[in-house]
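Architecture and fold: a report
Here is how the chains run, residue by residue.
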Amino acid sequence: MNLEGIEHSVGNTWTLSESALIEAFNLKAAIEFQLKHYEEAKMALMDMPPRTEEELDSVTLHNIALVSMESNPTEGFQKLHYLLQQDSFPPETFANLLLLYISYGYEERAADVLAENFHIHEEYLSEDLFKFLEAVIIRQTSPEEAYQRLDCLAVDFTTKLRKISKMVKDLWQNHNDKEAKEAVVEYDRIVEKYIPVLMQQASIYWERENYPQVRQILEQARETVEDHDVWKMNLAHVFFMEHRKSEDMFCLAISLYEQLVKKNFDNILSMTAVALANLCVSYVLIQHNEEAEILMRKVEKEEELSAYVQPDKKLFHHCIINLAIGTLYCSKGNYEFGVSLVVKSLQKKLDTDTWYYAKRCFLSLIENAARRLITPPDELLYQCLVFLEHCEVYGQNIIAQHEAPLDQHRLHPGQNTVTYEARLMKALILKLMEL
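Residues numbered from 1 in each chain as written. Predicted model: local features only at pLDDT ≥ 70, side-chain atom pairs only at ≥ 80, totals over all residues. Heavy atoms only, no water.

**A closer look at the overall build of the protein**
A tally of regular secondary structure across the protein gives 22 helices and zero strands. Its C-alpha atoms put the protein at 75 × 60 × 45 Å along the principal axes. The burial tally for the protein puts 46% of its 435 residues in the buried class. Total accessible area on the protein stands at roughly 25100 Å², and carbon and sulfur atoms take up 52% of it. Of the side chains in the protein, 43 bear a positive and 68 a negative charge, and the two mean positions are spaced by 5 Å. (Helix = DSSP H or I, 4+ residues; strand = E, 2+ residues; numbered from the N terminus. Buried < 20%, exposed > 50% of the residue type's maximum accessible area, 1.4 Å probe, protein only. Areas by Shrake-Rupley, 256 points an atom, 1.4 Å probe, with all protein chains shown as cover. Lys, Arg positive; Asp, Glu negative; His and termini not counted. Charge placed at Lys NZ, Arg CZ, Asp CG, Glu CD.)

What follows is the structure, given as structure tokens:
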């Protein structure tokens, strides 16, 4: 959120304080954020009476930092770090800063902040959260020890969940509806604390590409979290990655992806593009092309409707699905169809994320041609050249790859563009044509 353009500030007047408007807007923003309605949370904060950043209270500054993380994480980190250095700050600041550092892969920074503020951790961090943070930080140097610590937390959460599950059944049987509902709420609360622990355990082996072990970890938790969307999504990803073992893996992945699609069918764009792309690719690989086409038409229609409501909002779900299918055909050696699908899908959709998928197809073509594994026809190479020339023109202000917000060693601005990478690939293709 940009506060620099405020022309008139109402200031922190007595009238504003008595009106409780700031508290009301902050509460509305917090509720929307909790419901994962991030745009609505941002709008609630923007609807506040205008004040400069220096005039903002700590709660408002904290909330602005949170809603700004997706669009400007560097600024969000700076605001949270600033608040933590003050004499008083919202109680959630410490935990949120640490968790955000971890989510962005800055475990060392999280370790530094935790060490610098160790004297307040008992006041602002629950025991479970503190143990979780310690385990994630240790993971960088000792994954095995981190896994053991996470496993201890997982066992503790699982024990609590089983106990509450039994309690809920007994309460329902005894018609204690009120207490049963309260127990269900507590069950869900513990599940939300357990899921990050489980995913950290799984990610240790995911990074090693040990997918059978990842599947085993997730399957062990089926009893307690099988209805959770995050668990379903990640298990589906594992089945998708294990498809080389058996076609049955695709069927298992499809089953889980379809459950999520059915749940979010009226808001299909709330699902990640990768999940929808994996589902469509799975359909194609088991010869269920019609189901893939139905889903793609649904996504395309939703993007068109969304464009009328929010013309400035960029949506790339349909494009990424096409790119994934194009990549699939390229990986199978059918570069003519794969590249044509990639080129077609990127019309008016060139972006950092879509370029990531597209360039993989062209690099694969160049590599295999250079190794003499394939002999691409001249028409295909000319098609690639024309496409890359267009990328040169329209990619000047599009970064080629996302960089971590706090990294000190950044790519040269002139080299981190789609234009620069398109020129490199174009030069490689021209060399191929000379051979």
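We are not done yet, so read on.
**What about a nonpolar patch on the surface?**
The grouping of Leu27, Ile31 and Leu35 at the surface amounts to a nonpolar patch, some 300 Å² of accessible area in total. Position of Leu27 relative to the elements: it lies in helix H2 (residues 21-34). Residue classification places Leu27 among the exposed positions, given a relative accessible area of 53%. (Patch = residues over 30% accessible without salt bridge, like charges linked within 9 Å, V, L, I, M, F, W, Y side chains within 5 Å. Salt bridge = Lys/Arg side-chain N within 4 Å of Asp/Glu carboxyl O.)

**Considerations on the packing of aromatic side chains**
What the rule picks out here adds up to 14 aromatic pairs. Between the aromatic rings of Phe89 and Tyr124, the centroid separation amounts to 5.1 Å while the plane-to-plane angle is 40°, which identifies the pairing as tilted. Taken together, the residues span a long stretch of sequence, with Phe89 in the loop between helix H5 (73-84) and helix H6 (92-103) and Tyr124 in helix H8 (residues 121-124) at a distance of 35 residues. Overall, Tyr124 belongs to the partly exposed group, its relative accessible area being 23%. (Phe/Tyr/Trp six-rings, centres within 6.5 Å; stacked < 30°, edge-to-face > 60°.)

**Thoughts on unusual backbone geometry**
Residue Lys36 is not a glycine yet carries a positive backbone phi of 65°. Residue Arg372 is not a glycine yet carries a positive backbone phi of 65°. Here Arg372 is to be found in the loop between helix H20 (352-370) and helix H21 (378-394). Taking the relative accessible area as the measure of exposure, Arg372 reaches 62% and is therefore exposed.

**What to know about the packing of helix H3 (residues 38-46) against helix H4 (residues 58-68)**
In the contact formed by H3 and H4, the axes pass within 10 Å of each other and the chain directions differ by 145°. Along this stretch, H3 crosses H4, giving a crossing that reads as left-handed. On the side of H3, the interface is formed by Ala41, Lys42 and Leu45, while H4 contributes Asn63, Ile64 and Val67. Its residues placed into classes, the contact of H3 with H4 shows four nonpolar, one polar and one charged. (Axes fitted to C-alpha atoms, helices over the stretch in contact; angles between N-to-C directions. Left-handed = near helix turned anticlockwise from the far one by under 90°. Contact = heavy atoms within 4.5 Å. Nonpolar A, V, L, I, M, F, W, Y, C, P; charged D, E, K, R; others polar.)

**Observations concerning the side chain of Asn368**
Mapped onto the elements, Asn368 comes out in helix H20. At a separation of 2.6 Å, a polar atom in the side chain of Asn368 contacts the side chain of Tyr335. Aside from chain neighbours lying at most four places away, what touches Asn368 is Tyr335, Leu373 and Ile374. (Polar contact = N/O pair within 3.5 Å; in protein donor to acceptor, adjacent residues only side chain to side chain.)

**Considering the nonpolar core**
In this structure, Leu125, Leu198, Leu218, Trp355 and Phe362 are the most contacted members of the largest nonpolar core, which totals 140 residues. A per-element tally of this core places helix H11 (residues 177-206) first, with 13 residues. With sequence-adjacent residues up to four places away left out, Trp355 is seen in contact with Leu350, Phe387, Leu388, Cys391, Ala400, Val418, Glu421, Ala422 and Met425. (Core = buried A, V, L, I, M, F, W, Y, C linked by side-chain atoms within 4.5 Å.)

**Examining a negative patch on the surface**
A cluster of acidic residues, Glu258, Glu290, Glu291 and Glu293, forms a negative patch at the surface. No other element matches helix H17 (residues 289-309), which puts three residues into the negative patch. Within the fold, Glu290 resides in helix H17.

Purely spatial values, then, with no claim about function.
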